[in-house]
Structure formats: C-alpha cells, structure tokens
Amino acid sequence: MYRLARTGGSPELLRRLAQRAEGWAGILDGDGTVLQAVAGNARWPGHEAAGLAARAARELTARAAGSYSLDTDACAALLLPLDRTAGNHGPVLALVAPKPLPGGLSTLMADAVMPLALSWASESVERKRRRVDLAESRGREAVLHLLMTGQLSIAHQVAGALRPKLPDPVRVCVVECSGGQRDEVARICTDLSGGRTWIVRCPVYARHLILIVPAEGEPEPETERTEGPGGPGGPEGREEPEGADVPEGTEEPEGGCTLGLAVAGLVEDCVVGVSEEVRLPDTATAYRQAFHALAVARGLPGRHAVFGAAPEPALVVGAAGARWADALLAPLLSHLPRRSQDPGSQELSATVASWLAFSSHATQHLKIHRNTLAARLKLVGELLGLDLNRVSDQAAVDLALRIRATPALRRTGPGDAAAPRDLDTVLRAPGVQDWAVQQLRLVDLAGPTAEETLRTWLRCEAQLGPAAAELGISVPGTRKRLTRLEAQLCRSLLQTPSARYDLWLAFRAMDLAAA
C-alpha cells in the first residue's frame, strides 16, 4: 500500500481497492459529495454506487461513528474516516462491493486508510498551491490588461495586493520560451532581477512571458542598438556581436536590456525582445515594441534584440489628428447599451483594441467566446460606420485608439476649429509624411520585390492565399517572403501584434504625397 501511495498516490490506491472488491472505491466528504472515485468493474453503474456511498457518508456523519456499513439486497457499502481529528466533516473512504464480500476486504480497507490519508493530504496541499498560483497569475493578467487599456489607478490598486510594486518608468520584455519552460524561466527572471520585475504569463501565447522591468538598472557593455527604419537608433535595433566597439557617447542598455541579455544567455532556445524606455501609462506601446523586437531576435545568434527610438504615429498627427480621432470614435465612446447585460462603450473599446492587437487570440486575452467577440465587433463596425474586415478601416480605428490613449496630445491648434473630414487629411500632414518616409526607408533597401509583396499583401487584406495568387507564387513562398521582410524591416508581420497597420498608413501617406 505504501509503495502504491509513493508511486501513484490516491488514484492508484483506490484502483487497487476497487479491483480487489470488484466494485467501486471513492473518497467523499461528510455531506456525501464524491471527491474522487474509481470503478474496478465495468458492470457496476458508477452513479448507483456513488449514490449508495453518499447516503452512507451522510449517515456516518450524522451518527459521528468511527466506521459504518450500509447493506442492500445486492451489495454493501463500507466506510472509514481518513482523518479522525477532523470531527465529522473530514474525508471518508468508501468501498461499494457486491455480495458476498470478498474475504479480508475490511482488513484491506483498514490497511489502506493511513497511506491513503497521507496521499490525500499531500495532494490537497498541492491542489491548494495550484489554486493560489492560478489566482496570482490571473491577478497579474488583470493588472496587465488594466495597464494596456490605460486604467492606471485601478491597476495600482489591484497590484497593491501582489508584489513587486509597479515600476515607472519601465521597459517591457517579451520572452519566448521552449515548450514547458515558462515556469522555470519565470523563476530565473525573478532571481536575476532580485524580485523587482513584474512577471506575467501571457494569456494569448502559451510560450510567452511578459516582463515589466524598472528602466533603471546595471549597464551591460556588450550590446548596442543598430540602425532601424527611423535612422540611427531606429525601431528594433539589432544586437551587435560580442566585443563590438561602442561609439563614444552612446548610452549602454540598462534595466530590461540587461535582464533580457541575461535570460537569453542562461536559457537555451529562449528569445527576448525588449522595448524602449517608456512611462507606465504607455505599457501597451512598449508591449508592441517588444513584440516587434522579438521577431527580429529570432534571427539573431544572441537571441536578443532591443527596439530603438521610433516615433509613434499617434505622436506626429498633431492637434488635427487628435480631433479626427475624437470624431471617429465619438459614436463608440458615447454608446449606451440597451440592456444592463449588454457591453458598454468601455467594454466595446477594450474588445476592439484587443482584437486589433491579437486578432482571433483576443478571445483568450478577454476570456470570452468567439461568438461574443464576433457580435461585439459587428456592433462596433455598425457604430463607427466601418467595415472591420478591411485592413484600411482596421488601420484607421487602430490609429484613432492609439491617439485616444495619448492623453498629452493637444486637441487644439492655431486656426484649426473643425476636425478633419477623413483619415487622408490627417495623413497629408507634414509630420505624418516624415514619419512615413522613416517607416518605408528599409522597404526600399529590402530588394525589388519587397514593396510589391507588402502592397499586395495589404491590398488582399493581409490574407496569404489571395496575396499569393496575385503575386503568382505559392502560399509558402509568400510566407517566406514576409518572414524575410520581418528580419529586414525589424517588424512583426505574420504574428499579432503586427506592423500591418503602420505599413498601410505609411504607404497611404506616401501615395497621397505622390498624388
């Protein structure tokens, strides 16, 4: 019995008892609820045996007896408490067997009580530990979701029950682990950061950890950023070879950069993308940056990349762009649900923002059914008068939401009283035109087919099949082209969050300038 308890725990012990009795064995609580059960004979209806055992368990509790048996015409139920110190409400071992009972069954039950009680107690502690871990994980998920949606004060309130304190300013790291390594990598990150890092298991990608790291940290002298689309220090800088010379006056990476390098160095097959330094309210922007850096890091020997300084389109649209975003989102933000159980404006805004960031994975992020997601998106499209199946309309809503999440952006400007009529007016602004040139600078350097591939893919609503047919190549060939462009442009294209919206806006702005 003790050997079975060590190797298989309570399930194996119950299985042995059920087989010996040619009946049913289980553990019940004092009110007759079955906690765990095993049937040793396929001829026995489990629900009938469980019903008899539950009735006997209630009788045992009512009588406060040290053991109990309940006979019927065909079978008998034998019960023994597993923990006599727990009063009348502790777990009970129940065995239901056909008559006549096998010889020595009562003795076998008595011998099994002690190892079964030890196994059950150990398993109960483990179940409670898993529940606590799950509750903490869900709490951290909730804090991340609040940060992503700009609800900073509530995020601080929820985070106050957990540790560590939310830092500000921060860098966000996205760590991609091999299968089954996520818990171990989380422990390593906690040890390396001295417990100062806010670690969240990504609710969307099962292999990802999201780290919110204090921006201040020890410098790491072996890495520098390379030039990205925005020029020197542009988006998603790349790791330089170890021992590379650092130009005079160049700042060394710190905070999340140091932690990301350490994790990539210690954990084999672990890939890390790091954002630039941002204020805590800009966590959503930092997450997108880290995700894009992760796409670059997959192709680097060191498996680590840092997103360099790059202007957000929301920061260059000016007061006119802010007024356009307010006008576009006004029907959504002023929406009042017809019924109390229907989603309000805040919930609909969070849903469309999550869908634009994670596509169909938004169901995992928001913990809702896919039909609920589809219904909410349909309602958002009707409120805004847009077709959310089109990349152009998706890009417009994405830009408007990002502008809306930039509270420091001025809504007024000299001589500008009315909101721009459409997105094209916003994209003609000089600041947006400069931003588009920076975004597309690497497209020109990526080869003769780069721009054609990207424009065709976006024109086909970012669908590989139609894009491949229009390009005259296979779907795997189109996917390979886009994968190569991810490394050349330092942006994630195929996985969400994707750069498709920024690219569509940049191409549209350049087309308007050329016209």
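Refer to the preceding data block for the structure.
Residues numbered from 1 in each chain as written. Predicted model: local features only at pLDDT ≥ 70, side-chain atom pairs only at ≥ 80, totals over all residues. Heavy atoms only, no water.

(A) Structural context of the packing of aromatic side chains. Summed over the entire model, instances satisfying the criterion amount to three aromatic pairs. Ring geometry for Tyr287 versus Phe291: centroids 6.1 Å apart, planes at 50 degrees, classification tilted. You can see Tyr287 and its partner Phe291 sitting in helix α7 (residues 283–297), four residues apart, about one turn around the helix. On the basis of relative accessibility, which here comes to 3%, the residue Tyr287 falls in the buried class. Each member of the aromatic cluster is reached from another via a ring pair, and the members are Tyr205, Tyr287, Phe291 and Phe358. Sitting above the plane of the Trp120 ring, Arg127 keeps its charged end 4.4 Å from the centroid. (Phe/Tyr/Trp six-rings, centres within 6.5 Å; stacked < 30°, edge-to-face > 60°. Helix = DSSP H or I, 4+ residues; strand = E, 2+ residues; numbered from the N terminus. Buried < 20%, exposed > 50% of the residue type's maximum accessible area, 1.4 Å probe, protein only. Lys NZ or Arg CZ within 6 Å of the ring centre and 35° of its normal.)

(B) How the structure looks around the pairing of strand β4 (residues 75–81). Most of β4 is tucked away: seven of the seven residues are buried. Burial of the side chains of β4 extends over both faces: Cys75, Ala77, Leu79 and Pro81 are buried on one face and Ala76, Leu78 and Leu80 on the other. As paired elements, strand β3 (residues 68–71) and β4 share four bridges and run antiparallel to each other. In the sheet register, Asp71 faces β4, and the bridge partner there is Ala76. Hairpin connection from β3 to β4: three residues lie between these consecutive antiparallel strands. Where β4 and strand β5 (residues 92–98) come together, seven bridges link them in antiparallel fashion. Each bridged residue has a counterpart across the sheet, and for Cys75 the counterpart in β5 is Pro98. (Pairing = 2+ DSSP bridges.)

(C) Representation of the nonpolar core in the model. Core analysis: the biggest nonpolar cluster contains 59 residues, and Trp324, Leu423, Leu454 and Trp457 have the highest contact counts within it. Here Leu423 is in contact with Trp324, Ala396, Leu399, Trp504 and Leu505, once residues within four sequence places are set aside. In terms of nonpolar packing, the next biggest core, distinct from the first, is built from 34 residues, Leu166, Val204, Leu280 and Val296 among them. (Core = buried A, V, L, I, M, F, W, Y, C linked by side-chain atoms within 4.5 Å. Contact = heavy atoms within 4.5 Å.)

(D) Local environment of the environment of Gln364. Its place among the elements puts Gln364 in helix α11 (residues 362–366). Residue classification places Gln364 among the partly exposed residues on the basis of a relative accessible area of 36%. For Gln364 and Ser354, which are 10 residues apart along the polypeptide, the C-alpha to C-alpha distance reads 10.0 Å. Setting aside its immediate chain neighbours within four residues, Gln364 contacts Pro203 and Val204.

(E) Just the layout of surface pockets, in detail. In this structure, the largest pocket encloses a volume near 1200 Å³. As for the largest pocket, its lining consists of 50 residues, and the residues nearest its centre are Met148, Ala284, Leu401, Arg402 and Ala405. Within the residue set of the lining of the largest pocket, elements represented by two or more residues are α3 (105–148), α7, α8 (313–316), α9 (318–333), α10 (345–358), α13 (391–404), α15 (430–445) and α19 (500–514). A total of eight residues in the lining of the largest pocket trace back to one element, the largest contributor, which is α10. (1 Å grid on protein atoms, 1.4 Å probe; cavity = no way out; pocket = protein on both sides within 12 Å on 5 of 7 lines; lining within 4 Å. Points joined across faces, edges and corners; volume = space filled by probe spheres on them.)

(F) The arrangement of the sheet that holds strand β1 (residues 24–28) in detail. Overall, antiparallel pairing links the five strands, which are arranged β2-β1-β5-β4-β3 in an open sheet. Among the strands making up the open sheet, the edge pair consists of β2 (34–39) and β3. Strand-to-strand, the axes of this sheet are offset by a mean angle of 15 degrees, without reference to chain direction. Packing against the sheet, helix α1 (residues 2–21) makes contact with β1, β2 and β5, and its axis sits at approximately 50 degrees to β2. Against the sheet, α3 touches β1, β2, β4 and β5, its axis set at about 45 degrees to β4. (Axes fitted to C-alpha atoms, helices over the stretch in contact; angles between N-to-C directions.)

(G) Representation of helix α18 (residues 475–489). With 15 residues, α18 extends 21 Å from end C-alpha to end C-alpha; this agrees with the ideal 21 Å at 1.5 Å per step. Among the residues of α18, Thr478, Arg481, Leu482, Leu485, Glu486 and Leu489 are the ones counted as buried. The buried residues of α18 occupy an angular sector of 150 degrees when projected down its axis, which confines them to one face. Against α7, α15, α16 (450–459) and α17 (464–471) lie the buried residues of α18. (Expected span 1.5 Å × (residues − 1). Arc of directions from axis to C-beta.)

(H) Fine view of the packing of α10 against helix α12 (residues 370–384). Between α10 and α12, whose axes approach to 10 Å, the crossing angle comes to 105 degrees. On the basis of the axis angle, α10 is roughly perpendicular to α12. Contact with α10, carried on its side by Glu347, Leu348, Thr351, Val352 and Trp355, involves Leu373, Arg376, Leu377, Leu379, Val380 and Leu383 of α12 and no other residues of that element. Partitioning the contact of α10 with α12 into residue classes produces eight nonpolar, one polar and two charged. (Parallel < 35°, antiparallel > 145°, perpendicular 65-115°, else oblique. Nonpolar A, V, L, I, M, F, W, Y, C, P; charged D, E, K, R; others polar.)

(I) Summary view of a nonpolar patch on the surface. A surface patch of nonpolar side chains, about 330 Å² in accessible area, is lined by Tyr2, Met114 and Leu118. As for its position among the elements, Tyr2 is in helix α1. Among the residues examined, Tyr2 registers a relative accessible area of 46% and is labelled partly exposed. (Patch = residues over 30% accessible without salt bridge, like charges linked within 9 Å, V, L, I, M, F, W, Y side chains within 5 Å. Areas by Shrake-Rupley, 256 points an atom, 1.4 Å probe, with all protein chains shown as cover. Salt bridge = Lys/Arg side-chain N within 4 Å of Asp/Glu carboxyl O.)

(J) Local environment of the pairing of strand β8 (residues 208–214). With seven of seven residues buried, β8 is to be regarded as a mostly interior element. Residues His208, Ile210, Ile212 and Pro214 point to one face of β8 and Leu209, Leu211 and Val213 to the other, with burial holding for every one of them. The pairing of strand β6 (residues 170–176) with β8 spans seven bridges and is antiparallel. Looking at the pairing, Val172 lines up with Ile212 of β8. Here strand β7 (residues 198–201) runs beside β8; their pairing, made up of four bridges, is antiparallel. Paired with Trp198 across the strands is Ile212, a residue of β8. Linking two consecutive strands that pair antiparallel, namely β7 and β8, is a turn of six residues.

(K) Seen up close, unusual backbone geometry. Between Asp168 and the following residue, Pro169, the backbone shows a cis peptide bond with an omega angle of 5 degrees. With respect to the helices and strands, the residue Pro169 is situated in the loop between α4 (152–159) and β6. The omega torsion of the bond from Thr496 to Pro497 falls at 0 degrees, within 30 degrees of zero and hence cis. Mapped onto the elements of the fold, Pro497 is located in the loop between α18 and α19. Of note in this structure, Glu22 is not a glycine but carries a positive phi near 55 degrees. One can find Glu22 in the loop between α1 and β1. Even without glycine at this site, Arg303 takes up a positive phi of about 55 degrees. As for its position among the elements, Arg303 is in the loop between α7 and β10 (304–306).

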